[in-house]
Amino acid sequence: MKSDERNAMTDNAIFEPYRLGKLTLANRIVMAPLTRNRAGAGFVPGDIAATYYAQRATAGLIISEGAQISQEGQGYQDTPGIYTQTQIDGWRKVTDAVHAKGGHIFLQLWHVGRISHVDLQPNAQAPVAPSAIKAETKVFVNNVFVDVSEPRALKLDEIQTIIAGFRRAAAKAIAAGFDGVEVHGANGYLLEQFAKDGSNTRTDAYGGSVEHRARMILEVAAAVAAEVGAERTGVRISPVNSVTSSDPQAQFNYIAEKLGQMGIAYLHVVEAGRGGPNESAAFDYAELRAKFANTYIANNGYDLDRATLRLTEGAADLFSFGRPFIANPDLVERLKTAAPLAEVNPATIYGGGAEGYTDYPSIAA
Ligand SMILES: Cc1cc2nc3c(=O)[nH]c(=O)nc-3n(C[C@H](O)[C@H](O)[C@H](O)COP(=O)(O)O)c2cc1C
């Protein structure tokens with residue numbers, strides 16, 4: 001047996017370095033994006049966010065919580081933005097703190113589309129969407145969960161404005177010191193709303209066929225990659241979560257193939273498991289992965305055993321962990337040493353201050 005084969009068969013392969021674009025990640029464990037609703041006035045990440053992310057810097061790569069690219073792109077209270085200078089300055093403290101600990105961090109670029117409420121929108125306008133179809137879901141606004149507001153369909157020229165907004169936000173993320181950006185194309189937000197026919201009934205170039213519904217996410221990815229480099233651009237998708245789709249396999253195979261051709265650094269895939277409407281539909285992630293040329297990050301309900309198995313099968317390159325990172329800042333060390341994992345306190349996930357955010361101890365502490 002060759003040594004690389006032997007390596008691949010041990011649990012340790014996951015704790016070994018991995019080359020992503022120009023970065024060398026310390027291991028194959030990624031911190032998944034986690035919205036925590038703790039931004040300060042002006043939707044600026046505070047010093048406490050720098051502490052929180054630095055505590056988790058032993059992850060091979062951190063992907064930040066979603067950061068709205070504009071006020072229109074916001075759907076929940078107290079989420080941070082990436083469109084003003086004060087937001088850039090706030091994020092700079094985060095990236096400096098993570099880099100000082102030897103970590104790497106990408107910013108997740110977020111536009112919620114129809115998943116919003118008039119109270120969060122500029123001039124209390126209706127949230128925007130590919131089509132005027134309301135989602136059956138709630139958002140957290142004014143300290144309570146409320147039904148989303150009735151959305152309105154975007155005009156063609158407004159679509160171009162949003163694509164330009166993603167590009168500008170990507171430039172700002174790099175100005176804030178991020179190692180790259182992740183385009184949020186998952187979990188029912190704007191780019192997924194375009195990709196799936198359950199939320200997109202447009203009859204122009206951005207709706208209808210697989211190719212037309214893919215146009216928005218692909219144009220955003222291309223604009224972002226043109227700005228910051230494809231090797232610093234990742235894309236997150238969730239083929240069978242959130243919005244219904246009549247053809248998720250064909251749709252996301254196509255998107256994955258095109259993103260691969262663009263040289264996008266990674267595809268970050270939320271692999272079912274959140275009770276989405278299409279979850280029971282058969283979806284072949286191996287087929288999806290085969291369409292995408294570069295790094296594949298698998299997510300959703302992973303633990304070390306499952307991640308190790310998938311790695312040895314060659315089914316994914318990196319594995320992102322979300323909820324486990326909330327209560328375990330030193331998750332990598334705990335997995336490595338088979339130490340017990342702390343449980344999340346559900347009461348302190350969204351909003352508030354240090355409690356349930358920066359006060360989960362590391363084992364070594
Ligand atoms: C509190 C919380 C906040 C989340 N925020 C985001 C987010 O901002 N962006 C995103 O793409 N996914 C978000 N997610 C989804 C997670 O990134 C991840 O897909 C999900 O938790 C499943 O992974 P896990 O089983 O490792 O937790 C969030 C999940 C949770 C629990």
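The following refers to the structure shown. (Residues numbered from 1 in each chain as written. Predicted model: local features only at pLDDT ≥ 70, side-chain atom pairs only at ≥ 80, totals over all residues. Heavy atoms only, no water.)

### Considerations on the side chain of Gln121
Right, so step 1: In this structure, Gln121 sits in the loop between β5 (105-110) and β6 (128-129).
Right, so step 2: The contact partners of Gln121, leaving out residues within four places of it in the chain, are Gln71, Glu72, Gln74, Ser116, Ala126 and Pro127. (Helix = DSSP H or I, 4+ residues; strand = E, 2+ residues; numbered from the N terminus. Contact = heavy atoms within 4.5 Å.)

### Topic: helix α4 (residues 156-175)
Each α-helix winds once per 3.6 residues, and so residues spaced three or four apart point in a common direction.
Right, so step 1: Its 20 residues give α4 an end-to-end C-alpha distance of 29 Å, which sits within 8% of 28 Å, the value for a rise of 1.5 Å per residue.
Right, so step 2: Tucked into the core, α4 has its buried residues touching β5, β6, β9 (152-153), β10 (180-185), α5 (190-195) and α6 (210-228).
Right, so step 3: One or two positions beyond α4, positive phi appears at Gly177, with a value near 95°. (Expected span 1.5 Å × (residues − 1).)

### Some words on helix α7 (residues 248-262)
Right, so step 1: With 15 residues, α7 should reach 21 Å at 1.5 Å per residue; the first-to-last C-alpha distance of 21 Å fits that figure.
Right, so step 2: Buried-residue contacts for α7 involve α5, α6, β11 (233-237), β12 (266-270) and α8 (285-291).

### A closer look at the pattern of salt bridges
Right, so step 1: Scanning all chains against the criterion turns up 12 salt bridges.
Right, so step 2: As a salt-bridge pair, Glu158 and Arg152 come within 2.8 Å of each other at their nearest N and O atoms.
Right, so step 3: Residue classification places Glu158 among the buried positions, given a relative accessible area of 19%.
Right, so step 4: Of the charged contacts in the structure, one is a salt bridge between Asp317 and Arg289, with a shortest N-O distance of 2.9 Å. Here the residue Asp317 occupies a position in the loop between α9 (304-313) and β14 (318-321), and Arg289 occupies one in helix α8, the gap between them amounting to 28 residues.
Right, so step 5: The class for Asp317 is buried, based on a relative accessible area of 13%. (Salt bridge = Lys/Arg side-chain N within 4 Å of Asp/Glu carboxyl O. Buried < 20%, exposed > 50% of the residue type's maximum accessible area, 1.4 Å probe, protein only.)

### Comments concerning the site of the ligand
Right, so step 1: Close to the ligand lie 18 residues, the nearest being Thr35, Arg236, Asn299, Gly301 and Arg323.
Right, so step 2: Within the side chain of His184, an N or O atom sits 3.1 Å from an oxygen atom of the ligand.
Right, so step 3: Arg323 places a side-chain nitrogen or oxygen 2.5 Å from an oxygen atom of the ligand.
Right, so step 4: Protein contacts shield 92% of the accessible area of the ligand, which totals 610 Å² for the unbound molecule. (Near = heavy atom within 4 Å. Polar contact = N/O pair within 3.5 Å; in protein donor to acceptor, adjacent residues only side chain to side chain. Areas by Shrake-Rupley, 256 points an atom, 1.4 Å probe, with all protein chains shown as cover.)

### Considering the nonpolar core
Right, so step 1: Membership of the largest hydrophobic core comes to 84 residues, with the highest contact counts inside it found for Leu109, Met216 and Leu288.
Right, so step 2: Sort the elements by how many residues they give to this core and α6 lands first, with 10 residues.
Right, so step 3: Discounting residues that sit within four places of it in the chain, Leu109 has contacts with Ala67, Ile69, Ile82, Phe166, Ala169, Ala170, Val181, Glu182, Val183, His184 and Val224.
Right, so step 4: One finds Leu20, Leu23, Val30 and Ile63 within the second-largest nonpolar core, a separate group that totals 12 residues. (Core = buried A, V, L, I, M, F, W, Y, C linked by side-chain atoms within 4.5 Å.)

### Notes on the pairing of β14
Right, so step 1: Of the two faces of β14, both are covered, the one formed by Leu318 and Ser320 as well as the one formed by Phe319 and Phe321.
Right, so step 2: The pairing of strand β3 (residues 29-31) with β14 spans 3 bridges and is classified as parallel. Its bridge partner being in β14, Met31 is matched across the sheet by Phe321.
Right, so step 3: Both strand β13 (residues 295-299) and β14 contribute to a ladder of 3 bridges, which runs parallel. If you follow Ala298 over to β14, its bridge partner there is Phe319.
Right, so step 4: One crossover worth recording links β13 to the parallel β14 by way of α9, and it is right-handed. (Pairing = 2+ DSSP bridges. Right-handed = clockwise from strand over helix to strand, strands pointing away.)

### A closer look at the environment of Arg56
Right, so step 1: Within the secondary structure layout, Arg56 lies in the loop between α2 (47-55) and β4 (61-68).
Right, so step 2: For the pair Arg56 and Ala214, spaced 158 residues apart in sequence, the C-alpha to C-alpha distance is 34 Å.
Right, so step 3: When sequence neighbours within four positions are dropped, the list of residues in contact with Arg56 reads Met31, Ile62, Phe325, Ile326, Pro329, Tyr357 and Tyr360.
Right, so step 4: A polar contact of 2.8 Å, which involves the side chain of Arg56, links it to the backbone oxygen of Phe325.

### A look at the environment of Glu72
Right, so step 1: Of note, Glu72 is situated in the loop between β4 and α3 (85-100).
Right, so step 2: Along the backbone, Glu72 and Ile349 are 277 residues apart, and their C-alpha atoms lie at a distance of 24 Å.
Right, so step 3: A distance of 2.9 Å separates a polar atom in the side chain of Glu72 from a polar atom in the side chain of His111.

### Thoughts on the packing of aromatic side chains
Right, so step 1: One pass over the full model with this rule turns up 11 aromatic pairs.
Right, so step 2: Taking the centre distance of 4.8 Å and the plane angle of 70° together, the rings of Tyr52 and Tyr53 count as edge-to-face.
Right, so step 3: Plain terms: the ring middles of Trp91 and Phe178 are 5.5 Å apart, the flat faces sit at 65° to each other, and that makes the pair edge-to-face. Here the residue Trp91 occupies a position in helix α3, and Phe178 occupies one in the loop between α4 and β10, the gap between them amounting to 87 residues. Each of the two residues, Trp91 as well as Phe178, counts as buried.
Right, so step 4: Taken together, the ring pairs connect Tyr52, Tyr53 and Tyr357 into an aromatic cluster.
Right, so step 5: The cationic tip of Arg215 hangs over the ring face of Tyr206; the distance from NZ or CZ to the ring centre is 5.9 Å.
Right, so step 6: When the ring centre of Tyr302 is taken as reference, the NZ or CZ atom of Arg306 above it lies at 4.0 Å. (Phe/Tyr/Trp six-rings, centres within 6.5 Å; stacked < 30°, edge-to-face > 60°. Lys NZ or Arg CZ within 6 Å of the ring centre and 35° of its normal.)

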